[in-house]
Amino acid sequence: MTTATRPGVRARAAITARTLRTDRWWLAPLITFLGLTAWVTYATVRVFMHKWFYVEAYHYLTPFYSPCLTDRCGDAAEFGTPLPNFWLIPEASLTLPFLLLFRLTCYYYRKAYYRAFWLSPPACAVPDRHEKYSGETRFPLVFQNAHRYAFYAAAIISVINTWDAIRAQATGLGLGNVILWVNVIMLWAYTLSCHSCRHIAGGRLKHFSKHPVRYRFWTFVSKLNTRHMLLAWVTLGTLALTDFYIMALSADWISDLRLIG
Amino acid sequence: MTTTPTRHLYDVVVIGAGGAGLRAAIEARLAGKKTAIISKSLFGKAHTVMAEGGAAAAMGNANSRDNWMVHFRDTMRGGKFLNNFRMAELHAKEAPERIWELETYGALFDRTKDGKISQRNFGGHEYPRLAHVGDRTGLELIRTLQQKIVSLQQEDFAATGSYDARIRVFQETTITELMLDGDRVAGAFGYDRESGDLLLFEAPAVVLATGGVGRSYKVTSNSWEYTGDGHALALRAGATLINMEFLQFHPTGMVWPPSVKGILVTESVRGDGGVLRNSEGKRFMFEYVPDVFRKQYAETEEEADRWYTDPDDNRRPPELLPRDEVARAINSEVKAGRGSPAGGVFLDISTRLPAEQIIRRLPSMHHQFKELADVDITKEPMEVGPTCHYVMGGVEVDPDSGAAFGSVQGLFAAGEVSGGMHGSNRLGGNSLSDLLVFGKRAGEHAAAYLDALPSRPKVSRVDVAAATEVALAPLARADGENPYTLQQDLQAVMGDLVGIIRREGELSDALKRLHEIRLRVATVAVGGGRRYNPGWHLALDLRNMLVVSECTAKAALEREESRGGHTREDFPKMSPQWRRVNLVCSLDEGGQVHLERKPVPAMRPELFDLFERSELAKYLTDEELGEE
Amino acid sequence: MKRHFRVWRGDSSGGDLEDFDVEVNEGEVVLDVIHRLQATQTPDLACRWNCKAGKCGSCSMEINGMPRLGCMTRMSTFTADETVTITPLRTFPVIRDLVTDVSFNYEKARETPAFAPPAGVAPGEYRMQQVDVERSQEFRKCIECFLCQNTCHVVRDHEENKEAFAGPRFFIRAAELDMHPLDARTDRKQHAQQGQGLGFCNITKCCTEVCPEHIKITDNAIIPMKERVVDRRYDPLVRLGRKIFRRDQLEAAGESVPRATPATAETPSGRRLPESPALGPDGRLDIAELSAPIQGGPSPFGEDITFPLPPERVTYHHPDPS
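In the nomenclature of an unreviewed UniProt entry, chain B is known as Succinate dehydrogenase of Actinoplanes awajinensis subsp. mycoplanecinus. Regarding chain B, the UniProt comment filed under Cofactor (unreviewed entry) reads as follows: "FAD".

Colleague: Which parts of the structure should I look at to understand the overall build of chain B?
Modeller: Along chain B, the regular secondary structure elements total 19 helices and 23 strands. Taken over C-alpha atoms, the radius of gyration comes to 24 Å for chain B, in line with the 25 Å a tight globule of 628 residues would show. If you line up chain B on its principal axes, its C-alpha atoms span 75 × 60 × 55 Å. Residues counted as buried form 67% of the 628 residues belonging to chain B. Sequence separation of at least 24 residues holds for 72% of the intrachain contacts in chain B that already meet a minimum separation of 6. Entry remark: accessible area of chain B is about 20,900 Å², with carbon and sulfur atoms responsible for 50%.

Colleague: Where do I start with the state of the cysteines in this structure?
Modeller: One pass over the full model with this rule turns up 2 disulfides over all chains. What pairs with A:Cys68 in a disulfide is A:Cys73, and their sulfur atoms sit 2.0 Å apart. Note on the A:Cys68 and A:Cys73 pair: the S-S dihedral is about -85°, so by sign convention the disulfide is left-handed. Covalently, A:Cys124 is tied to C:Cys206 through a disulfide, its sulfur atoms 2.2 Å apart. One disulfide, between A:Cys124 and C:Cys206, carries an S-S torsion of -95° and so falls in the left-handed class. Of this pair, A:Cys124 sits in the loop between helix H3 (107-116) and helix H4 (147-168) while C:Cys206 sits in helix H8 (residues 206-210), on two different chains. When sorted by exposure, A:Cys124 lands in the same class as C:Cys206, which is buried. Among the cysteines around C:Cys51, which has no disulfide bond, C:Cys56 carries the closest sulfur, lying 3.7 Å off.

Colleague: What's the story with the sheet that holds strand E9 (residues 184-192) of chain B in this structure? I'm lost.
Modeller: In a beta sheet, neighbouring strands are held together by backbone hydrogen bonds and run either parallel or antiparallel to one another. Residue and element names in this part refer to chain B. Strand order in the open sheet formed by 4 strands is E1-E10-E9-E8, and the pairing between neighbours is mixed. With one partner strand each, in any of the chains shown, strand E1 (6-9) and strand E8 (173-181) form the two edges of the open sheet. Each strand of the sheet is rotated relative to its neighbour by a mean of 25°, with strand direction disregarded. Packing of helix H12 (residues 461-476) onto the sheet brings it into contact with E8, E9 and strand E10 (198-202), and relative to E8 it is tilted by some 150°.

Colleague: Got a minute to help me understand the pairing of E10(B) in this structure?
Modeller: Where a strand is regular, its side chains alternate between the two sheet faces. Residues and elements named next belong to chain B. Taking burial as the measure, the 5 residues of E10 include 5 buried ones, the bulk of the element. Burial along E10 is two-sided: Leu-198, Leu-200 and Glu-202 and Leu-199 and Phe-201, pointing in opposite directions, are all buried. The sheet contact formed by E1 and E10 spans 4 bridges and is parallel. Pairing of His-8 across the sheet is with Phe-201, part of E10. With 5 bridges joining them, E9 and E10 adopt antiparallel strand pairing. By the bridge assignment for E10, Ala-188 is matched with Phe-201.

Colleague: I tried to follow the environment of B:Leu546 on my own but got confused; where do I start?
Modeller: Residue and element names in this part refer to chain B. Within the secondary structure, Leu-546 is located in helix H15 (residues 534-558). In this structure, the C-alpha to C-alpha distance between Leu-546 and Gln-368, residues 178 residues apart in sequence, is 33 Å. When neighbours within four sequence positions are excluded, Leu-546 is seen to be in contact with Leu-490, Leu-514, Ile-517, Arg-518 and Val-521.

Colleague: Sorry if this is basic, but what is going on with the sheet that holds strand E7 (residues 167-170) of chain B here?
Modeller: Residue and element names in this part refer to chain B. Strand order in this open sheet of 5 strands is E7-E3-E2-E11-E18, and the pairing throughout is parallel. Each edge of the open sheet is held by one strand with a lone partner, namely E7 and strand E18 (411-413). Neighbour to neighbour, the strand axes of the sheet diverge by 20° on average, direction disregarded. Across 4 bridges, strand E2 (residues 12-15) lies against strand E3 (residues 35-38) in parallel orientation. Bridge assignment links Ile-15 to a residue of E3, and that residue is Ile-38.

Colleague: Just to check I follow, could you spell out the interface of chain C and chain B for this structure?
Modeller: Interfaces are often described in size by the accessible area the parts lose on coming together. Taken together, the contact between chain C and chain B spans 79 residues of the former and 76 residues of the latter. Of the roughly 6,600 Å² buried between chain C and chain B, counting both surfaces, carbon and sulfur atoms make up 53%. Looking at the side of chain C facing chain B, the largest losses of area belong to C:Lys55, C:Arg110 and C:Arg140, adding up to 12% of the total buried there. Taken together, the links from chain C to chain B amount to 5 salt bridges. Salt-bridge contacts for C:Arg48 lead to B:Glu194; the nearest nitrogen and oxygen are separated by 3.8 Å. Taken together, the connections running from chain C to chain B amount to 36 residue pairs in polar contact (both at pLDDT 80 or more). Listed by contribution, the elements that provide at least two residues to the side of chain C that touches chain B are helix H1 (30-40), strand E6 (94-96), helix H2 (103-111), helix H3 (130-140) and helix H6 (168-179) of chain C. The greatest single-element share of the side of chain C that touches chain B, amounting to 5 residues, is contributed by H3(C). Looking at the side of chain C that touches chain B, its residues break down into 37 nonpolar, 19 polar and 23 charged.

Colleague: Looking at this structure, how should I read helix H8 (residues 323-335) of chain B?
Modeller: The end-to-end C-alpha separation of H8(B) is 18 Å, in line with the 18 Å expected for 13 residues at 1.5 Å each. If you check which residues of H8(B) are buried, you get B:Glu325, B:Val326, B:Ala327, B:Arg328, B:Ala329, B:Ile330, B:Asn331, B:Ser332 and B:Glu333.

Colleague: Explain the packing of helix H4 (residues 137-160) of chain B against helix H11 (residues 430-452) of chain B here, please?
Modeller: Axis angle and axis distance: for two packed helices, these are the angle between their axes and the distance between the axes, and together they describe the pair. Residues and elements named next belong to chain B. Relative to each other, H4 and H11 sit at 15°, their axes nearing to 10 Å. One way to sum up the angle between H4 and H11 is to call them roughly parallel. Two packed elements cross with a definite hand, and for H4 against H11 that hand is left-handed. Side by side, H4 and H11 meet where Thr-137, Gly-138, Leu-141 and Leu-145 of the first sit next to Leu-432, Leu-435 and Leu-436 of the second. The class makeup of the residues in the contact of H4 with H11 is 5 nonpolar, 2 polar and no charged.

Criteria and thresholds
- Residues numbered from 1 in each chain as written.
- Chains lettered and ligands numbered in written order.
- Predicted model: local features only at pLDDT ≥ 70, side-chain atom pairs only at ≥ 80, totals over all residues.
- Heavy atoms only, no water.
- UniProt positions renumbered as here; feature names shortened; annotations may be inferred.
- Helix = DSSP H or I, 4+ residues; strand = E, 2+ residues; numbered from the N terminus.
- Rg over C-alpha atoms; globule rule 2.2 N^0.38 Å.
- Buried < 20%, exposed > 50% of the residue type's maximum accessible area, 1.4 Å probe, protein only.
- Contact = heavy atoms within 4.5 Å.
- Areas by Shrake-Rupley, 256 points an atom, 1.4 Å probe, with all protein chains shown as cover.
- Disulfide = S-S within 2.5 Å.
- Pairing = 2+ DSSP bridges.
- Axes fitted to C-alpha atoms, helices over the stretch in contact; angles between N-to-C directions.
- Buried area = accessible area lost by both parts, 1.4 Å probe.
- Salt bridge = Lys/Arg side-chain N within 4 Å of Asp/Glu carboxyl O.
- Polar contact = N/O pair within 3.5 Å; in protein donor to acceptor, adjacent residues only side chain to side chain.
- Nonpolar A, V, L, I, M, F, W, Y, C, P; charged D, E, K, R; others polar.
- Expected span 1.5 Å × (residues − 1).
- Parallel < 35°, antiparallel > 145°, perpendicular 65-115°, else oblique.
- Left-handed = near helix turned anticlockwise from the far one by under 90°.

Laid out in structure tokens, this is it:
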């Protein structure tokens, strides 16, 4: 398939401009950068505040502290208090690392931060300016493949979040309940729309026709999966909003809007 | 840069890397021959990818009553009984095997419920017969064959350590001349487009699979490669062409904007209410209803418009006349100076139906023009005119082996470049199966020819020197004609005078003008060097386009009847006498085109019996019917 | 209306953007403009094209810095006073003007193991369900325009990765075959990871962004392939399931299919280091010429000449001693 004669070594076209794109290609990575930075900052601050995470009257527990596992938890401790009281240890130390891992290894977030933070590449057909590139072939990035484990963990954590929402249901219905439920549903949608889930559901099959139930599940997850990016951002929003609402209630800045009870 | 060609030694050289060429190469390689594939563009870009409908093969998956005899009958009817019956027979018999074979190469056709290859309906086919993959069957076919060749190369790599040991693809390489040793093919001479280096392939057998001639026309759906190279190479090597007067045109192809020029506008646009208007805004089709159709077609616009909602009580609008009538009408309007700015007429559906209805009824049309040309057919009329689509004629070959007739030996042809299979008109879907069936046969028989050959023919140095001089001449001339202007002039002559509707006067005029262009082509000059110089490439292609155009014009002038893809306004009827005649084109020593009449081979009795006598009576002379 | 264009012209020894003012009509695409340039101003402007309908994938180029098909980029997508810059694909060596040497892709294609037909199934006996072929059919829409290969930063910005990285086009090929209901090979996943460099991909999705056929390269091919690799190597539940159902033994049996022929003879990058020819399985050199009709390469003087030449054909005149 090579042609008959190739005169020597061939160079690429000598184009001086690094990119000739004339559109605002930098806008999307910039927004991603700002959005993710803001969220991570807020979450970090909140996790180490160790207060205003629980509204005792209505059993509202913020997802950032769930499950609550230290002595500071009080009534919010649903699963005991095995963790010591030390300011560096968040209340949800057993789950937060997995949630972090889940989002960090998520196929969408990988795209987002590789582009916005690592600039590898910042946008299509814009050079990545890195000296060398080995992608996810070696340590540490080869561990991105652990996304599957993180997904299993995230599914369990989503169950805990659902439990929190159910627990909060014990005392009537307020705006907090609605927010908690919306957050939980969105979390489930995000978790189930994960590429790993899509694969486990049926993507790994060679013959769909022999597994009609799994095929239907795969079709459902595939539909969700096309919105994975949207859900990734929506859940960041609902998480922060839920947390902020509960913080505001807990700090007595506002009071819950009660619909029933 | 050197003028000494690089030499390559092969057993079989296949010119053309479309469906037929790749299939032939696979067969030659499987027969153990060292094979070269010459591709004018990149590997896998051939015009075959444009075929949308499917590949016709009587597998009987959709209707179990379908078999090769029904397919054969459909093909002969479509070609108006001018087909080479043996080719049509082989085609109908072998097409299913060829399609099934593709599956073993990795093709994925659309499936029926029970897991077989799904087959769809198409005009002229009695049963659903077209194996398809959505609307990209041609792409599937070319990719499958391409990948099969790669897999053969992988086998060779495992066996010999070189991918190119037994089959090699020469991409972006053009053959300009065949080399002969006496009457036998000795090789092929050409150049590499990328580097401009000259190449000499020494091979005792050459398979032509270069496709059609559409680029000689102003409005065509064909790609730039379709310059009739194979036709011209065969002529110059002493082979003959048949049926060159038969070209398939579609009456309504887009003529403007240029980005969609040549793309077909389906007839359903007219069926759904689209009307044809000239530049004066007049709905002109009412004036072109021939007497024989007078009773079935509406006489006033009001009546025609009522037909769309109430077809039982009203007569059809004249826009729905048969293809050739519509084409003739468009042709006359344009020639009377009432055409659109781009030389077509207006096809308007935007004022006839609400936008959402158009989008619902014609989704792919709407999408195509929106995406490719930003033309919104719900808002503005389309500019349409006849577009050249396929050439039925081609190298006259032996039906069983694909070996070219005429004086030359060792030359084979398959696919659109070969003639006879489709008669005067090709059925949709028959071209893809034609490629596979006759591609395989050509490759197989080229290998067999080689086995029977006592000694390898030798390329003469004088011929190589002459071919080198011809190839480099346009670059050597200091100044001369611009090849792009010449191509435009040629396209204008062919499009205007040897187009869809033909007249004696215009055809003679065309021959005169072609002669003038021939003189100008001899003085064509291009600037720049040999490296990927499109001007130079076109200058060399022009020679081929010209000689093939002359054949078409001559044959069209000679055949005094209308049949399939050849419509003579002065001889509007089909003549049973002419059905017995094939027009055969050849070149003499001086390079002049010669035309002679040759009888169409008579069908074997058992094939004859597949048809009703009453049907045959429409096409055949009494004498032929009496022989039965 | 005249519009302003900048077109890169040159070859591997260098080149530059040249300015042109070209007539542009309504409804035209960039390729029309290039054709007009060829016909009126620069007859030797090199550019590949074929079908002009977005079906063959020949006219790949970069328009205002974005990899696109010339025939699918309408002029109406630019503002009237906008300068349109047209350059060749950056990732591949340039031949001349807008034409680049895309042989990298064809070499990678040869290194991807082909479809392996199932044993014992005769042609015509292939039975597949539509739902089972649909995934692979999406990938077979590929028109091989190589825009994805060109835009992928793994090779676009890092020439040295060309050897180990096959690119998105061949990941979809691997996925297509791995999802093919009747393909007999079971080592496609290993090949994707070890032979094609699947791990290099950091799923930044530019291949999907530029695909003119709108194939979901990343979501439907690359990620599923990555997940399939994970299945084999990292997933605890799958491993457990295998133990319980004893699938591992079945699969091990299937894996005796020979591995893809090692792709060592030709490196994909343009720079080929001198190396001794590969040895055959018996440790000896392969003599490929045995299968050729004559031994050795063709003679530069032609096969019809035997040496020494008869004296009357030699044009050399021996100086006369007297």
